[in-house]
Structures are given as C-alpha cells and as structure tokens.
Amino acid sequence: MYSLMKLFLISFSLLFGGINGEMGSNQLLGPRKVPKLFVFGDSYADTGNTKRDTEAWALPYGITFPGKPSGRYCDGLIATDFLEKVLGAESPYLYRTHGRKKKIKRGMNFAFGASKMLESSPNSPFPNITAQVNFLVDFVLAGRVYGDITSSDVSLISYAGGDYIYYIDQNRPAAGLKAIVEKVVDNLHVNMIILSGLLFKKIAVTSLQPIGCLPSYTSASSFKSCNESQSALVELHNKLLKQVVAKLNEQSRVMKKGQHFFIIDIHNAFMTVLKNKGNKRFKNPMKSCCEGYCGRSSDGEKLYTLCDDPKSSFFWDEVHPTQEGWRSIYSVLGKPLTEFLTKP
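Just so we're clear, the structure is a prediction, and the values are computed from it rather than from any experiment.

A.B. asks: Even after reading the chapter, I still don't get empty space enclosed by the protein, so can you show me in this structure?
C.D. replies: Take a probe with the size of a water molecule and roll it over the atoms, and the empty space left behind shows itself. Going through the model one piece at a time under the given rule, you end up with 3 cavities of 30 Å³ or more. Approximately 50 Å³ is the volume found for the largest cavity. Forming the boundary of the largest cavity are Tyr44, Ala79, Leu156, Ser158, Thr206, Ile264, Ile266, Trp326 and Tyr330. Those elements giving two or more residues to the lining of the largest cavity turn out to be β4 (154-158) and α11 (323-342). Among the residues making up the lining of the largest cavity, the classes are represented as 7 nonpolar, 2 polar and no charged.

Below you can see the structure in the form of structure tokens.
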C-alpha cells in the first residue's frame, strides 16, 4: 500500500509538469546523455552495500579485483560491473556511501547481499527489493536525482531467488512453493510498475538462474549434475515473469508510453555455460573455487579451501559465479542485451 501511494504521488507530479516541475519534452527527446544505471537486488548485484562484518568484506573475496575485499560476493567483478560496461554508464554510486547526498549525478546501486523480495523488517540491514525501490522513489520525489530520469537511463531488478532458497533450506513443504513464487512475481510486477511511474524508458529484470545447479545443491552428486528438484519452481518463476513482462510491454504499446521492459535471461546464459557451450575453460563448472565457509575462519584457521586459479572456475562460492563466470554469462547474453540497453 505504501508503494502504491508513492506511485500515485509520482503520477500526480508528472501529470502537472513533472517532478520538481523540471520534466519537459526536451529532457526525453534531447541529445543522448551518459546513461545512469539504477540497480535493485541481492548479492548477484551488490557492489558493496552490505556491512563490513559480512563475508564479502573478508579475504579471499576480491582477490582478482580489486585485489582486496570490496563487498562484492565474488573474487572480482560481478554482473552489475559488466552491465554498466555494456550500457556505457559511469559506475553507480553505492547507497551505503551516497544515500544521504543531496544530489546524485550518476546512477545508484541499491542492492544488498542477502536481500529477499518478501522478507524484511523496516530496520533490517538487508532491505528487501521493494524497500530498495522505495529508496529511489524518495530520491526522485525529493528532487535528488540530478537531471531527473532520462530516456537513456536504465533500471534493473536483479533477483536470485533468496526467498526460495531460504524456504528450501528450512525444509518446508514443497507444496507451499507455488504460492511463494506467485507472490514474488506479483511483487516484481508491482516494482516494475513503480519504476515505470518514475518515467524510466528501459526497465530490466533478470530471469531466475537454475538454482539446482548451484554448488550448494550439486555437491550431493560430487558436482556432476544439477539437482532437478528445484527445476519446477525455477520454471514457474520464469514462466510467470515472462507473462508479466509481455503484459507490461503490451500496455506500453497500446498507451504509446514508449517504455520497454526486458528480461535479462541469465537462466539461459547459466545453462549455456554449464553445458560447456559458452566457455571450454571450466573443466568442472558446477564446482566452486572457494569451498567450505568461504571468507570465514575460526581461531586463526581458515574454514575454506581455495582453487589455484579462479579463472578456471565458473562458480566462486556455493552460490555466486567468479568474475570469469560473470564474464562468460555476459558474453552469452550478447547482442540482444546490448540492443536493449543502447536503443534510443
């Protein structure tokens, strides 16, 4: 309800001359500016928002880039970094470091590792994705986005299934997953509508990666095959998400809003690479480089082991790809993603 009230305020402001009275046709139709990237999500997108007591701020995270822990859940660059390069955007500010600035001239990354879609208390250190989108709504309503939202700017919701993984790990009844999937996708739908209310012309959302192929689930088969017990929920999530995005695009077409909604299909990219079609360098792509409790130690003893070369591994830890893994994913995503991001 809170989000919908904000959406009403945004729509009202735009109807009567734009937020802060600055939204004019010259902004949307003028020369293409350096695009801004606004990111919402979890550890697949977080470039350093989580607190420093999380494992992403401990070695060996960050050993490839920047050579020390940076808050990325990876040995180096992650999806957000590769996306900004494809877009030609400047690196988004971190909400952790710039959330209180009066004005932001670049985009912003609101993603927090361990965030979910459904579960979050108001003061949680891991605000859920809806809360993150509301952070941007507050920025826009307060006139804190320099130049407002332009036609070249991109918003991304990156969702890696935190609600589902938590549910599965709690050994709760599989029959209850369908209702959770439907609720998650409904929330994604609402958040995309809110972003469209901010006049983003390009709104992207990731498909759900094959959860059963993560090392945390393939360890039972000695990292030789995916755990198919999670396939149904992943398939349902991606099916419902496609329906939502198709509906939003059709509404945009009929209403001549000029807004484009796009699924960044990391599920297909993951599967392409894991089947050794995308990159031959990964000899055992379902096995992680950092095994055990990566980034943790006890009484001075490391609780993990590390491979010799992260570049030879697709997965960094039991959930997240390596820098080379993300590079291979974005290589598979290729031309369709570039065309969506860079279209006028």
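Having put the structure on the table, let's press on.
A.B. asks: Got a minute to help me understand the environment of Phe38 in this structure?
C.D. replies: Structurally, the position occupied by Phe38 is in strand β1 (residues 37-41). On the accessibility criterion, Phe38 (0% relative accessible area) is buried. With 117 residues separating them in the primary sequence, Phe38 and Ser155 have C-alpha atoms 4.7 Å apart. Once you skip the residues sitting within four places of it in the chain, Phe38 turns out to touch Ile104, Arg106, Gly107, Met108, Phe110, Leu136, Val145, Ile149, Val154, Ser155, Leu156 and Phe200.

A.B. asks: Got a minute to help me understand the packing of aromatic side chains in this structure?
C.D. replies: To describe a pair of aromatic rings, you give the distance between the ring centres and the angle between the ring planes. This model, assessed by the stated rule, comprises 19 aromatic pairs. Ring geometry for Phe40 versus Phe110: centroids 5.3 Å apart, planes at 10°, classification stacked. One end of the pair, Phe40, is in strand β1; the other, Phe110, is in the loop between β3 (108-109) and α5 (129-141), with 70 residues separating them in the sequence. Of the two residues examined, Phe40 and Phe110, each falls in the buried class. Plain terms: the ring middles of Phe262 and Phe340 are 4.5 Å apart, the flat faces sit at 10° to each other, and that makes the pair stacked. Within this pair, whereas Phe262 is found in strand β6 (residues 260-264), its partner Phe340 is found in helix α11, the two being separated by 78 residues in sequence. For the cation-ring pair, Arg144 lies above Phe139, with the distance from its terminal atom to the ring centre recorded as 3.9 Å.

A.B. asks: Explain the state of the cysteines to me, please; I cannot follow it from the model alone.
C.D. replies: Here, disulfide denotes a covalent bond that connects the sulfur atoms of two cysteines. Overall, the coordinates contain 3 disulfides when judged by the stated rule. Disulfide pairing is shown between Cys213 and Cys226; the S-S distance is 1.9 Å. Residues Cys213 and Cys226 are joined through a disulfide that is right-handed, its torsion about the S-S bond being 105°. Of this pair, Cys213 sits in the loop between β5 (202-206) and α8 (215-218) while Cys226 sits in the loop between α8 and α9 (231-254), and the two are 13 residues apart along the sequence. Judged by relative accessible area, Cys226 falls into the buried class, the value being 17%. Here Cys74 is not cross-linked by a disulfide; its sulfur's nearest cysteine counterpart is in Cys289, at 10.0 Å.

A.B. asks: Just to check I follow, could you spell out a nonpolar patch on the surface for this structure?
C.D. replies: Together, Leu59, Ile63 and Leu306 make up an exposed nonpolar region whose accessible area comes to about 250 Å². By the element assignment, Leu306 lies in strand β8 (residues 301-306).

A.B. asks: Help me out: how do you make sense of the packing of α5 against helix α7 (residues 177-197) in this one?
C.D. replies: Packed helix pairs are characterised by how far apart their axes lie and by the angle those axes make with each other. Where α5 contacts α7, the two axes come as close as 10 Å, and the packing angle between them is 10°. The orientation of α5 relative to α7 falls into the category roughly parallel. In this structure, α5 uses Ile129, Thr130, Val133, Leu136 and Val137 to contact α7, whose residues at the interface are Asn187, Asn191, Ile194 and Leu195. Taken together, the residues that form the contact of α5 with α7 break down as 6 nonpolar, 3 polar and no charged.

A.B. asks: Where do I start with the side chain of Ser196 in this structure?
C.D. replies: Among the structural elements, Ser196 can be located in helix α7. Apart from the residues lying within four places of it in its own chain, the contact partners of Ser196 are Ile203, Lys257, Gln259 and Phe261.

A.B. asks: Please explain the layout of surface pockets as it appears in this structure.
C.D. replies: Its volume calculated, the largest pocket comes out at about 770 Å³. Surrounding the largest pocket, 28 residues form its lining, Glu55, Ala114, Glu318, Val319 and His320 being those nearest its centre. Counting residues per element, the ones that place at least two in the lining of the largest pocket are α6 (162-169), α8 and β7 (290-298). Considering every element that reaches the lining of the largest pocket, the biggest residue donor is β7, with 5 residues. In the lining of the largest pocket, the residues fall into 12 nonpolar, 8 polar and 8 charged. Considered as a void within the structure, the second largest pocket measures approximately 350 Å³ in volume. Around the second largest pocket sit 15 residues that line it, and Tyr95, Arg96, Gly99, Arg100 and Phe112 are the ones nearest its centre.

Conventions we followed
Residues numbered from 1 in each chain as written. Predicted model: local features only at pLDDT ≥ 70, side-chain atom pairs only at ≥ 80, totals over all residues. Heavy atoms only, no water. 1 Å grid on protein atoms, 1.4 Å probe; cavity = no way out; pocket = protein on both sides within 12 Å on 5 of 7 lines; lining within 4 Å. Points joined across faces, edges and corners; volume = space filled by probe spheres on them. Helix = DSSP H or I, 4+ residues; strand = E, 2+ residues; numbered from the N terminus. Nonpolar A, V, L, I, M, F, W, Y, C, P; charged D, E, K, R; others polar. Buried < 20%, exposed > 50% of the residue type's maximum accessible area, 1.4 Å probe, protein only. Contact = heavy atoms within 4.5 Å. Phe/Tyr/Trp six-rings, centres within 6.5 Å; stacked < 30°, edge-to-face > 60°. Lys NZ or Arg CZ within 6 Å of the ring centre and 35° of its normal. Disulfide = S-S within 2.5 Å. Patch = residues over 30% accessible without salt bridge, like charges linked within 9 Å, V, L, I, M, F, W, Y side chains within 5 Å. Areas by Shrake-Rupley, 256 points an atom, 1.4 Å probe, with all protein chains shown as cover. Salt bridge = Lys/Arg side-chain N within 4 Å of Asp/Glu carboxyl O. Axes fitted to C-alpha atoms, helices over the stretch in contact; angles between N-to-C directions. Parallel < 35°, antiparallel > 145°, perpendicular 65-115°, else oblique.

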